[in-house]
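The primary structure of each chain is shown beneath.
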Amino acid sequence: MSTSTIDTAVIFVFSAFVLVIGLLFARTGRNMKSFFAGGEAVPWFIGGLSLFMSFFSAGTFVAWGSIAYKYGFVSVTIQWTMCLGGIITAFLLAPRWKRTGALTAAEFIRQRLGAPVQKFYVYIFLVVSLVNKGAVLYPVAKLVSVSLGFPLVPCTIVLGLMMIAYTAIGGLWAVMVTDILQFVILTAAVLIVLPLSLNHAGGWQQFTQRVPEDFFSLVNGEYTIGFILAFALYHISYIGGNWTFVQRYTSVDSPKSAKKVALLFAGLYLISPVIWMLPPMIYKSINPALAGLNAENAYLEVCRLVLPPGLMGLMLTGMYFSTSATANTTLNVTSAVITNDIYKGVIHPGASDRQLIRVARVSGLLLGLGMIGIALMVPAVGGMIEVVISIAAITGGPSLLPPLWALFSKKLDGRTAYIISAVCLLVNLVFKFLTPLLTSYWLNRSEEMLLGAGLPLLLLGLYEFVLAARKGPAVDYTNYQAFRRQQKAAAAAQPAEEAAAIRRQNIFGLRVIAFALAFTALLLFILCGLAATGKVLVAIIATVVLLAAGIPLAALRKLTLKQLNTPSGKSIIQEKNVAS
């Protein structure tokens, strides 16, 4: 069997396995809360791993891998800003999102700032989400296309359809279970690549002697200290306020669990960037000739150089799965916004749960098709780095900071939030597109990020502490407080049937995670037998993955014991046995 055939087989086996998992969850989404928020009872460690996987994609290896190849350790510095954002989110933002009682960030915006303001943010979110996720679908299609010799356009379409299939079918639990599987596969693949690439370069000393002197500097090239500070501010708002991540904080059982979700994310982003970025940095010492957009292939090239048959397919699968994680999370949340905040909130307030689930699945499919269309256009606009950083600079601060400010402020009203966001968006667009045409002046990376994140923060502070300093609470805030009192009273009366369904869904999800990890370990053991090099390393990683299957089983036992200690414990166990 040829190398290409083995790699292709690995990709298709895992992809088919993921689709099966999505189908397993087809009947667990009884209503909006279970489909989009996991019944608000998702274990925090699953939410944290899912948040971590939702944050990056193959673009991490293509975009940041390109920076690592060209500039070195600054690629790690850039990603450490995500760790900082996770820490601040854990202590300040995630618990507050959970306390809002909202299903989505869009729902909180409607309750706190008003329906017209919500519509404005919804439209921005939908457009930005399609562009961003189309941008991250493109690199993984490119990786598969180049590695296996398939045409780029069919690769993009097929991979995109596979990404949206289980999201549209299974809801949040389907996304999170596959996130865990993706985390394991990607971690295993990267841990195999790193020592093999270092060995191919001749060891650490040979590697460090063959790269530029400033290769291990914390800042380098156009990625200056100003850019890093601005990017850190952006990531605080992005991790704390992006609607796809807010869903991870609201889907757990308590504010304390929401804090743990963000802390786990931060801890993983402290360690993982070093492991991810070393292989393309090492490849610089092996082949320093990549230039231009070809630098985006650095990670792929080092994988092709050192990985034995089957493990290249595993690496591509990990990259593809990491992309599907972030894309599917976005599809799930955007579908929730369309279903909960547009269809139910505006078009059909009296829609039944069955109608809402149908709308959720159809909207997820249509959004996924739009994502595929965007991915096909990425090469025409200068590559992934240009798309991702520019979108972040233009839209991140204006769309995320005002709603985050509203979590704390009693004075911010919907009209002011709308004006600040609109003004900042307009200014960013002018400096990005109009000013270079009229004056031949354009902002560099640092200036673009500082303007995008700093201007809305400045205007919000000016309003809060100067213009409204002597005013009392805004009418919007007073109305929101009254609504929350009513909402808490209604939430206390959760039907017993819904509580039982949520328990069954969580038990089923933990079982599927354990099975998925065991299946992954089995495939790794098979690849160990096929590998010409690195057999011991692959066997060790496969054993660790197999042992990790015990973690969800332990959580399942803990959940069962907790239920036994409740007054209705016997009936709960009876429900679980029926579900089995």
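As shown above, the structure is provided for reference.
What you see is a predicted model, and the numbers here were worked out from it, not measured in a lab. (Residues numbered from 1 in each chain as written. Predicted model: local features only at pLDDT ≥ 70, side-chain atom pairs only at ≥ 80, totals over all residues. Heavy atoms only, no water.)

J.: Help me understand helix α11 (residues 243–250), please; the structure alone is not making it clear to me.
T.: Working note: α-helix, 3.6 residues per turn, so residues spaced by three or four point in the same direction. Burial of α11 is extensive: 8 of the 8 residues sit out of reach of the surface. Those residues of α11 that sit buried are Trp-243, Thr-244, Phe-245, Val-246, Gln-247, Arg-248, Tyr-249 and Thr-250. (Buried < 20%, exposed > 50% of the residue type's maximum accessible area, 1.4 Å probe, protein only. Helix = DSSP H or I, 4+ residues; strand = E, 2+ residues; numbered from the N terminus.)

J.: Explain the nonpolar core to me, please; I cannot follow it from the model alone.
T.: The nonpolar side chains of a soluble globular protein tend to be buried, and buried together. Counting 142 residues, the largest nonpolar core has Ile-78, Trp-97, Tyr-249, Leu-307, Leu-314 and Met-315 as its most contacted members. When residues in this core are grouped by element, the largest group, 14 residues, is from helix α8 (residues 152–200). Look past the residues within four positions of Ile-78 in its chain and what remains in contact with it is Trp-64, Ile-67, Tyr-223, Phe-227, Ile-228 and Phe-231. By size, the runner-up hydrophobic cluster in this structure holds 10 residues, among which are Val-140, Val-144, Cys-155 and Leu-159. (Core = buried A, V, L, I, M, F, W, Y, C linked by side-chain atoms within 4.5 Å. Contact = heavy atoms within 4.5 Å.)

J.: So what exactly am I meant to see when it comes to helix α21 (residues 535–548) here?
T.: Across its 14 residues, α21 extends 20 Å between first and last C-alpha, which sits within 8% of the 20 Å expected from 1.5 Å per residue. By the burial criterion, the buried members of α21 are Val-538, Ile-541, Ala-542 and Val-545. For α21, the buried positions fall inside an angular range of 105° around the axis, keeping them on one side. Opposite the buried face of α21, by more than 90 degrees, sit the exposed residues Val-536, Val-544 and Leu-547. (Expected span 1.5 Å × (residues − 1). Arc of directions from axis to C-beta.)

J.: Looking at this structure, how should I read the side chain of Thr-395?
T.: Inspection of the secondary structure assignment puts Thr-395 in helix α16 (residues 384–406). Leaving out residues up to four positions away in the same chain, Thr-395 has contacts with Val-128 and Leu-425.

J.: Got a minute to help me understand the packing of helix α3 (residues 44–55) against α11 in this structure?
T.: In a pair of packed helices, the angle between the axes and the distance between the axes together describe the arrangement. Running from N to C, α3 and α11 cross one another at 175°; their axes reach a closest spacing of 9 Å. Taken together, the axes of α3 and α11 lie roughly antiparallel to each other. Between α3 and α11, the residues in contact are Gly-47, Ser-50, Leu-51, Ser-54 and Phe-55 and Phe-245, Arg-248 and Tyr-249, respectively. Its residues assigned to classes, the contact of α3 with α11 shows 4 nonpolar, 3 polar and 1 charged. (Axes fitted to C-alpha atoms, helices over the stretch in contact; angles between N-to-C directions. Parallel < 35°, antiparallel > 145°, perpendicular 65-115°, else oblique. Nonpolar A, V, L, I, M, F, W, Y, C, P; charged D, E, K, R; others polar.)

J.: For this particular structure, what's the right way to read the packing of helix α5 (residues 74–99) against helix α12 (residues 255–286)?
T.: α12 packs onto α5 with a crossing angle of 175° between their chain directions and a minimal axis gap of 7 Å. Taken together, the axis directions place α5 and α12 in an arrangement best described as roughly antiparallel. The residue makeup of the contact of α5 with α12, split by class, is 21 nonpolar, 4 polar and 3 charged.

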